[in-house]
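The lines below spell out each chain.
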Amino acid sequence: MSLFSKLRCAVTLGQGVLVNLPEPKGDEEPLALFSQWFDSAKASGIVLPESMLVATATTDGRPSARVVLLKEVDEQGFVFYTNYGSRKAQELIDNPFASLTFHWNILQRQVRIEGRVEKVSYEHSDGYFQSRGRGSRIGAWASHQSQPIGNRQQLEQQVRDIEQQFHNKDVPCPEFWGGFRVIPEVIEFWQGKADRLHDRYVYRRQTPTENWQITRLSP
Ligand SMILES: Cc1cc2nc3c(=O)[nH]c(=O)nc-3n(C[C@H](O)[C@H](O)[C@H](O)COP(=O)(O)O)c2cc1C
């Protein structure tokens, strides 16, 4: 790398650009690396480091994507919460596979995850739901996510109706709202480097009990 390239990386977006992705020895757990990168993203001051693009597809292969927030991650998978009547949820119910993409720009890092999707249990969703503020809980009841709505007044009226319904009562998790867990089969780490000579490692496994196969990919 030329001195100019190094300087350009260091003074522009280059916080992570001079950092090599360590060569995997073959026994690494990608979730440990993910956690390390996620912690760095949180520490970096990036706004909403937990935001990720979720891509779904219809049964005839038409893709769609949108941003959601990662709420839990562990050996079982990556969990986000949504309305089960939404477009994404319908696509996931009909075709239970998703891809997730994180982009932590100032660190010059991307992580891509692919896998089968399952709904989390009602009890699990309720546990998270109860940690949300009352306004968000009311909002989840009031919004028929992804359905057409005439105007903002209508949405606000729906909120007032739900507030009335739960006046002086706890707001339970609606049956039509909850989590999806993406169980990873593919996790790719991308570390931006100078001159487009980025580092990429992809970890693959067919089932959660298998060992991960690690492959370096050309940038
Ligand atoms: C930063 C950000 C975070 C979001 N987080 C969520 C989320 O956690 N869950 C969710 O259902 N929608 C979330 N949304 C809204 C979605 O992007 C999307 O508009 C909505 O879920 C409807 O998508 P769908 O019609 O494809 O189902 C978020 C949007 C942004 C920009």
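Residues numbered from 1 in each chain as written. Predicted model: local features only at pLDDT ≥ 70, side-chain atom pairs only at ≥ 80, totals over all residues. Heavy atoms only, no water.

### A word on the side chain of Thr82
Under the convention used in this document: Strands here are runs of E lasting at least two residues and helices are runs of H or I lasting at least four, both read from the DSSP assignment and numbered beginning at the N terminus. In the analysis that follows, any N or O atom pair within 3.5 Å is treated as a polar contact, provided that within protein one partner can donate a hydrogen and the other can accept it, and provided that, for residues neighboring in sequence, both atoms belong to side chains. Throughout, a residue-residue contact means that at least one pair of heavy atoms, one from each residue, lies within 4.5 Å.
On the secondary structure map, Thr82 appears in strand β4 (residues 77-83). Separated by 3.1 Å, the side chains of Thr82 and Gln145 make a polar contact. In this structure, Thr82 is in contact with Lys88, Gln145, Phe176, Trp177, Gly178 and Phe180, ignoring residues within four places of it in sequence.

### Regarding the site of the ligand
What counts here: Being near a molecule or strand, for a residue, means having at least one of its heavy atoms within 4 Å of it. Accessible areas in this description were obtained via Shrake-Rupley with a 1.4 Å probe; residue shielding takes into account the shown protein chains only. Gly falls in the polar group here, along with every residue not listed as nonpolar (Ala, Val, Leu, Ile, Met, Phe, Trp, Tyr, Cys, Pro) or charged (Asp, Glu, Lys, Arg).
By nearness alone, every residue bordering the ligand is listed as Leu48, Arg66, Val67, Val68, Leu69, Tyr81, Thr82, Ser86, Arg87, Lys88, Gln145 and Ser146. At 2.6 Å, a backbone N or O of Val67 approaches an oxygen atom of the ligand. In this structure, Thr82 approaches the ligand through a side-chain N or O atom, which is 2.6 Å from an oxygen atom. Burial of the ligand by the protein chains amounts to 64% of its free accessible area of 620 Å². In terms of residues, the shell around the ligand owes the most to one element, strand β2 (residues 63-69), which gives four residues. A class-by-class count of the residues in the shell around the ligand yields five nonpolar, four polar and three charged.

### Some thoughts on the packing of aromatic side chains
This is how the line gets drawn: In this analysis, rings of Phe, Tyr and Trp, with Trp reduced to its six-membered ring, are considered paired at centre separations within 6.5 Å, and the interplanar angle assigns stacked below 30 degrees, edge-to-face beyond 60, and tilted for intermediate values. Residue burial is assigned from relative accessible area. The probe radius is 1.4 Å, only protein chains are included, and a residue is buried under 20% of its type maximum, exposed over 50%, and partly exposed in between.
Tallied over the entire structure, the rule returns 17 aromatic pairs. With 5.0 Å between their ring centres and 85° between their planes, Phe34 and Phe78 make a pair best called edge-to-face. With Phe34 in helix α2 (residues 30-43) and Phe78 in strand β4, this residue pair connects regions lying 44 residues apart in the sequence. Just as Phe34 is buried, Phe78 falls in that class too. Between the aromatic rings of Phe102 and Trp104, the centroid separation amounts to 5.3 Å while the plane-to-plane angle is 35°, which identifies the pairing as tilted.

### Thoughts on the environment of Val120
Take Val120: it is sitting in the loop between β6 (109-119) and α4 (122-129). According to the relative accessible area criterion, Val120 is buried, its value standing at 7%. Considered as a pair, Val120 and Gly178 are 58 residues apart in the sequence and their alpha carbons are 7.1 Å apart. Beyond its immediate stretch of four places on either side in the chain, Val120 contacts Val79, Tyr81, Tyr84, Ser125, Gly179, Phe180 and Arg181.

### A word on the packing of helix α5 (residues 134-142) against helix α6 (residues 152-165)
Put simply, the rule reads: With axes taken as lines fitted to C-alpha atoms, and helix axes fitted only over the stretch in contact, angles between N-to-C directions fall between 0 and 180 degrees. Throughout this description, any angle smaller than 35 degrees is read as roughly parallel, any larger than 145 degrees as roughly antiparallel, any in the 65 to 115 degree range as roughly perpendicular, and the remainder as oblique. Handedness of a helix crossing follows the sense of rotation of the near helix relative to the far helix, less than a right angle counterclockwise being left-handed and clockwise being right-handed.
In contact at an axis separation of 9 Å, α5 and α6 are set at 115° when each is read in the N-to-C sense. Classified by the interaxial angle, the pair formed by α5 and α6 is roughly perpendicular. At the point where α5 passes α6, the crossing takes the right-handed sense. Seen from α5, the contacting residues are Ile138, Trp141 and Ala142; seen from α6, they are Leu155, Gln158, Val159, Ile162 and Glu163. Residues belonging to the contact of α5 with α6 are distributed by class as follows: six nonpolar, one polar and one charged.

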